[in-house]
Amino acid sequence: MTPRTTVDGEVRTAQPESAKRGADLLHDPLLNKGTAFSREERLRLGLLGLLPPAVSTAEAQAERVLRNVRKRPEDLDRYVDLLSLLDRNETLFYKVVTEHIEELLPIIYTPTVGKGCQLYAHLFRRSRGLFITRQEKGMIRDVLRNWPRRDVRVIVVTDGERILGLGDLGASGMGIPVGKLSLYTACGGVPPWQTLPVTLDVGTNNQALLDDPLYLGVREKRITGKEYDELVAEFVDAAQEVFPKALVQFEDFANHNAFRLLHEYRDKVCCFNDDIQGTASVTLAGLYSAGRITGRRLSEEVILFHGAGEAAIGIADLVVSAMMADGSTKKEAMSRCWFMDSKALVESARKDLQEHKRPYAHKHKPVGDLLSAVKELKPTALIGVSGKAAQFTEDIVRAMATLNDRPIVFALSNPTSNSECTAEQAYRWSSGRAIFASGSPFAPVDFEGRRFVPGQGNNAYIFPGVGMGAIASGATRITDEMFFEAARALAARVSSAELERGCLYPPLTQLREVSAHIAAAAAQVAYQRGLATEPRTKNLLARIRGLQYKPEYPSYA
Ligand code: NAD
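Residues numbered from 1 in each chain as written. Predicted model: local features only at pLDDT ≥ 70, side-chain atom pairs only at ≥ 80, totals over all residues. Heavy atoms only, no water.

A.B. asks: Looking at this model, I keep getting lost on the overall build of the chain. Mind explaining?
C.D. replies: The secondary structure content of the chain amounts to 24 helices and 15 strands. C-alpha extents for the chain along the principal axes are approximately 75 × 55 × 50 Å. Evaluated residue by residue, the chain yields a buried proportion of 60% over its 557 residues. Considering only intrachain contacts with a sequence separation of at least 6, the fraction spanning at least 24 residues in the chain is 71%. When the accessible surface of the chain is summed, it comes to about 22500 Å², and 51% of that surface belongs to carbon and sulfur atoms. (Helix = DSSP H or I, 4+ residues; strand = E, 2+ residues; numbered from the N terminus. Buried < 20%, exposed > 50% of the residue type's maximum accessible area, 1.4 Å probe, protein only. Contact = heavy atoms within 4.5 Å. Areas by Shrake-Rupley, 256 points an atom, 1.4 Å probe, with all protein chains shown as cover.)

A.B. asks: How should the sheet that holds strand β8 (residues 303-306) be read in this particular structure?
C.D. replies: Hydrogen bonding along the main chain pairs the strands of a sheet, whether they run parallel or antiparallel. Spatially, 6 strands are ordered β9-β8-β10-β11-β12-β15 in an open sheet, and the strand pairing comes out parallel. Two strands in the sheet have a free side with no partner beyond their single neighbour: β9 (337-340) and β15 (455-456). The sheet contact formed by strand β11 (residues 408-411) and strand β12 (residues 435-438) spans 4 bridges and is parallel. Counterpart to A411 in the pairing with β12 is S438. Along the sheet face, helix α14 (residues 274-294) touches β8, β10 (381-384), β11 and β12 and points at about 155° away from the line of β11. Along the sheet, helix α15 (residues 310-325) contacts β8, β9 and β10; its crossing angle with β9, the most-contacted strand, is approximately 175°. (Pairing = 2+ DSSP bridges. Axes fitted to C-alpha atoms, helices over the stretch in contact; angles between N-to-C directions.)

A.B. asks: Looking at this structure, I do not really get the packing of aromatic side chains. What am I missing?
C.D. replies: The relation between two aromatic rings is expressed through the spacing of the ring centres and the mutual angle of the planes. Evaluated as defined, the whole model comprises 15 aromatic pairs. The rings of F93, Y94, W193 and Y549 are connected pair by pair, giving a single aromatic cluster. (Phe/Tyr/Trp six-rings, centres within 6.5 Å; stacked < 30°, edge-to-face > 60°.)

A.B. asks: I would appreciate a short explanation of the side chain of S182 in the present structure.
C.D. replies: Its place among the elements puts S182 in helix α10 (residues 175-188). With relative accessibility at 3%, the residue S182 sits in the buried group.

A.B. asks: Would you mind showing me how to read the pairing of β9 here?
C.D. replies: Working note: regular strand, side chains alternate between the two faces of the sheet. Of the two faces of β9, the one holding C337 and F339 and the one holding W338 and M340 are both buried throughout. For β8 and β9, the ladder comprises 4 bridges, and the chain directions are parallel. Residue F305 lies in a different strand from β9, and its bridge partner there is F339.

A.B. asks: Any chance you could explain the site of the ligand here in plain terms?
C.D. replies: By nearness alone, 22 residues border the ligand, and R162, N255, A311, G457 and N459 come closest of all. Between the ligand and the protein, one listed contact pairs an oxygen atom with a side-chain N or O atom of R162 at 2.4 Å. One of the backbone nitrogen or oxygen atoms of E310 is found 3.0 Å away from an oxygen atom of the ligand. Against a free-state accessible area of 860 Å², the protein chains account for coverage of 82% of the ligand. Of the residues in the shell around the ligand, the class split is 5 nonpolar, 13 polar and 4 charged. (Near = heavy atom within 4 Å. Polar contact = N/O pair within 3.5 Å; in protein donor to acceptor, adjacent residues only side chain to side chain. Nonpolar A, V, L, I, M, F, W, Y, C, P; charged D, E, K, R; others polar.)

A.B. asks: What's the story with the state of the cysteines in this structure? I'm lost.
C.D. replies: Linking two cysteines covalently via their sulfur atoms produces the bond known as a disulfide. Counting across every chain of the model gives 0 disulfides. Here C270 stays free of any disulfide, with the sulfur of C271 as its closest cysteine sulfur at 7.3 Å. Exposure remark for C270: the relative accessible area of 8% places this residue in the buried category. Cysteine C503 is unpaired, with the sulfur of C421 as its nearest cysteine sulfur at 16 Å. When its relative accessible area of 11% is taken as the criterion, C503 is described as buried. (Disulfide = S-S within 2.5 Å.)

Structural data, given as structure tokens:
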């Protein structure tokens, strides 16, 4: 039985071919329609008696799901409900999530997914994704071949060492690849059967997990050095061989591995790191949108980062690439990016700097605190990515507002409780002049007769579209240019009315359409740079819209 659907007039196979019938069909989440199987389908597919007699519409099923989810007292219960639905009926899950993305994004991804990972072993119901441990060394190809589907196009892989801001969660980090891939489908339209979550369980140094009798990962300390590198290398090679068209997204690796692995593989295989490059792209989009308000070019900004980790360095690297594309030299562009880390200003006399910070260690006298750095460096933009709450004090925001008519203040640390300042503080302390964006959502702010609607620099604006663009073009590499073109495409989707309200990003409700535009921008780069393997089409955007998965039940007629 091959379920078929019609996409923009073109009949295509909607899901992998299946000869399943009866209970097997009901237990396959990609094929299951639950109570939406028609009487005729039930008769033909051996389903009679296996379902209550009434036939539901997908709309009625979605209504039932939503009512139950909304009745739950805690977001974590909602997360468990939705993941259980994903395990039973993927079409219905994606229907509910895509139609209520604003409400459900914080449940299926940050912040709730963090709690879901912390409690992974306790909440565990059914396995999802592939686990690879050092015991599988030499046989990772076989493990990948155990995955039931061949046409995998996006793999999200983590080693669980730095899950969100929560640190080392070992194998319990699997919630992240699962959640992230659900966003590839819900926001970008990547068909769910083309996605594969992977956890490289290389052990954990989290003693609480090692001591937890219910922990489901390898109960030993993390492997490091050569043994670790060889395992990752074997995984990357095996993924190329078994799923040659797949993009590999590295996710939530600790700093010391994230930069290294990206550096090692970005020019060899189709891969990227969302914590570094996706964050960079969504933040750059915020800067482009801010430029539409200030009238300044990107190359005129002076940016002070509070924090010098994956997010900060990733943003700066992409800003530098984008400034260079705009005519700056590398030296000029880099000289416009400054960093404060947990100790002091990152400057050339410091001897304690990690490798990834050194390129940005400009010549400057030592500066020990953020307020002094603002006064010394006179930034046009202040970007908080230290993970530390309340670092943008009233003095600091006021200093930014003294230096700039429209100071750019991005408080990107997550969750909300770690935000460098609140939206309300940014507007109040700058007399309503701050151009503000945050990592976690803030409610609209009423200030002196104006209503500000702060935008959230959510990575979900970028990676699903870039992934879709890679699929549509058959990209062999993911480049910085794709990310800054994605940022430009995102900023271009913000209306003047939204900018007027202080919002630097389009509404999340437009995510699928935004992703289609981002995909087209990324695919365009692949074609221009000779990185595409799919035939070029005249109307890239129409082709991408046609490729986007729609959560509609297939007909088994
Ligand atoms: P990271 O651990 O790689 O980096 C944190 C950096 O902050 C390190 O350089 C550290 O030295 C520095 N730091 C710590 N305490 C400090 C202090 N008191 N003063 C100055 N610097 C300090 O983490 P990351 O991946 O770069 O993420 C940082 C934050 O950014 C997190 O809160 C994360 O949630 C947030 N983030 C937001 C987005 C988004 O908004 N789209 C995306 C990614 C990360």
